[in-house]
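Survey of secondary and tertiary structure
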Amino acid sequence: MRATATGSPLMDPPAIAVSAGRVLTPAGPRSATLTLRDGHIAAIEPAVAGDVDLRIDAAGCDVLPGLIDLHGDDLETHVFPRREAAVDPARAVVHTDRTNLLAGITTKCHAVAIETDAADQRTPERAVGYIDTIESARGLLGTHRVHARCDVTDPESRQAALGVLERPIVDVLTLMSPLRGTGQFTSATAFQRWYATHRGNRRRPALTVDAAAERVATEPALVDGSLATTVAEVAAAATAAGVLVGSHDDESATEVIGQAAAGARLCEFPVTMEAIATAAERGMTTMLGAPNLLQSGSVFGNLDAAMAIAAGTCDVLCVDYHPPSLLASVYASTDEPITARLARVSTTPADVVGLADRGRLAPGARADVVIVDPHPSPRVRTLIVGGRPIFAAAGI
């Protein structure tokens, strides 16, 4: 990450001691006291390190680092709570900030889709407007970043994506195609044959073979080999700007290999075990949705996150469309230590985008701290952001 956008400070961070809780450090759970000073973790010791201004009793609770989401679509839900009802994006960003904080998410990468999609009310112009709003927002308490998602088959979307790469708030650029298999074919016949077999896009099953053929007729770059060159050029521009490049919805080893060759280092939402295994073998960071794990599978019938975790091929879980799922995933049953599940939503995503100052409870780290009552289901009891107490719930 090239710069950090933080919320407005409410006050100077007090010295805080969080005691009697189970502290989930990268090395494993500890019974210890967390001492916070000047917005950072000063010590993790058996007792309080020096005088403090505030003592928090975390008995019976777990103490976690603030969670980090690399892909959340929920801003759009706040902008359009109903299709016919639009909320001012500036207000929606604040609403998104607060709802994510209550879910324990202190660093948020908004997944902004730069594409034309009437069904989802998306246009490149609107996407750039969202980025403008996030960048200029005031009154935010968490850290807000941008994960730009570009429809690489659309020239207008590509141009808009290239126009935001130099913005310090943009950390990730994902290369998307609404037509699966794009880039694998050298002729319209091969492209149409693939659609006849696969029946279109998994996320948009209504796309017919005829519709695919019509698009090829109007956009020959989809099958003449030039799109792959264009994708590589977009990826190169992102890499030069210090932006992490990701692939999206890969179905096969061929797709993953092609995206990796273009410069992708993140593989998000691969839809088959073959695709995610190939990405893992090539050293790409792999990411699936936390709701997938909690619902025992993808709502689109794609790769089951639990299967990928069992195979050791899932590095990161993200909000996708449901912020509470991120915290719940830490307590899901995956037959592995809780610290491994926590790393998928804290340390690993932090490291992927260069946020070495957070995502872990360790001396010197940013004091984003979540105190969680795990019973009967995990919920945030107290939240500290940048060393400042933000939220405390009583009687839960």
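Note that the coordinates shown come from a computational prediction; the quantities given were computed from them, not determined experimentally.

1. Quick look at the environment of Pro363
Relative to the assigned elements, Pro363 resides in the loop between helix 14 (347–352) and strand 14 (369–373). Of the residues examined, Pro363 reaches a relative accessible area of 58% and is grouped as exposed. Pro363 sits 327 residues away from Leu36 along the chain, and the two C-alpha atoms are 9.0 Å apart. Pro363 has contacts with Ile41, Ala42 and Ile44, leaving out every residue within four places of it along the chain.

2. Here's the deal with the confidence of the model for the chain
Summary statistics for the chain give a mean pLDDT of 89 and a share of 85% for residues scoring 70 or more. pLDDT under 50 marks residues 181–186. Its contacts with residues more than four places away, or in other chains, come to 16 contacts. Every residue in residues 199–207 scores below 50 in pLDDT, and together they form 28 contacts with partners more than four places removed in sequence or on other chains.

3. So, the nonpolar core
Counting 42 residues, the largest nonpolar core has Val146, Leu173 and Leu175 as its most contacted members. For this core, the element with the most residues is helix 7 (residues 226–240), which contributes five residues. Among the nonpolar cores identified, the runner-up in size contains 30 residues, and Leu64, Ile105, Leu141 and Val345 belong to it.

4. What to know about the environment of Ala47
The topology assignment puts Ala47 in the loop between strand 3 (40–45) and strand 4 (54–57). A sequence separation of 13 residues divides Ala47 from Leu34, and the C-alpha atoms of the two residues are 8.4 Å apart.

5. Overview of the pattern of salt bridges
One pass over the full model with this rule turns up 16 salt bridges. The shortest N-O distance in the salt bridge between Arg167 and Glu135 comes to 3.2 Å. Remark: Glu135 occurs in helix 3 (residues 124–136) and Arg167 occurs in the loop between helix 4 (155–164) and strand 9 (170–176); sequence separation between them is 32 residues. Ionic pairing is found between Asp357 and Arg358, a salt bridge with its closest N-O pair at 3.0 Å. Residue Arg358 is classed as buried on the basis of its relative accessible area of 2%. Three or more residues are tied together by salt bridges with common partners; here these are Glu76, Glu115, Asp120 and Arg122.

6. Digging into helix 2 (residues 89–102)
Helix length check: helix 2 (14 residues) gives 20 Å between terminal C-alpha atoms against 20 Å at 1.5 Å per residue, within 8%. Burial in helix 2 covers these residues: Ala92, Val93, Thr96, Asp97, Asn100 and Leu101. Projection of helix 2 onto a plane perpendicular to its axis shows the buried side chains occupying an angular sector of 170°, all on one side. The inward-facing, buried residues of helix 2 abut helix 1 (74–79), strand 7 (105–114), helix 3, strand 8 (143–151) and strand 15 (379–385).

7. Notes on the pairing of strand 12 (residues 285–289)
Working note: regular strand, side chains alternate between the two faces of the sheet. In terms of burial, strand 12 is a largely internal element, five of the five residues being buried. Strand direction decides the pairing type here: strand 11 (residues 266–268) and strand 12, joined by three bridges, are parallel. The residue bridging Cys267 from the neighbouring strand is Thr286, located in strand 12. With helix 9 (residues 273–281) bridging strand 11 and the parallel strand 12, this β-α-β connection has right-handed handedness. Inspection of the sheet shows strand 12 paired to strand 13 (residues 316–318) by three bridges, in the parallel sense. Its bridge partner being in strand 13, Met287 is matched across the sheet by Val316.

8. Description of the pairing of strand 10 (residues 244–248)
Of all five residues in strand 10, five are buried; the element is thus mostly enclosed. Both faces of strand 10 are covered, namely the face carrying Leu244, Gly246 and His248 and the face carrying Val245 and Ser247. Relative to strand 10, strand 9 runs parallel, the two sharing four bridges. Following the sheet pairing, Leu175 is matched in strand 10 by Ser247. The pairing of strand 10 with strand 11 spans three bridges and is parallel. Pairing of Gly246 across the sheet is with Leu266, part of strand 11.

Criteria and thresholds
Residues numbered from 1 in each chain as written. Predicted model: local features only at pLDDT ≥ 70, side-chain atom pairs only at ≥ 80, totals over all residues. Heavy atoms only, no water. Helix = DSSP H or I, 4+ residues; strand = E, 2+ residues; numbered from the N terminus. Buried < 20%, exposed > 50% of the residue type's maximum accessible area, 1.4 Å probe, protein only. Contact = heavy atoms within 4.5 Å. pLDDT = per-residue confidence, 0-100. Core = buried A, V, L, I, M, F, W, Y, C linked by side-chain atoms within 4.5 Å. Salt bridge = Lys/Arg side-chain N within 4 Å of Asp/Glu carboxyl O. Expected span 1.5 Å × (residues − 1). Arc of directions from axis to C-beta. Pairing = 2+ DSSP bridges. Right-handed = clockwise from strand over helix to strand, strands pointing away.

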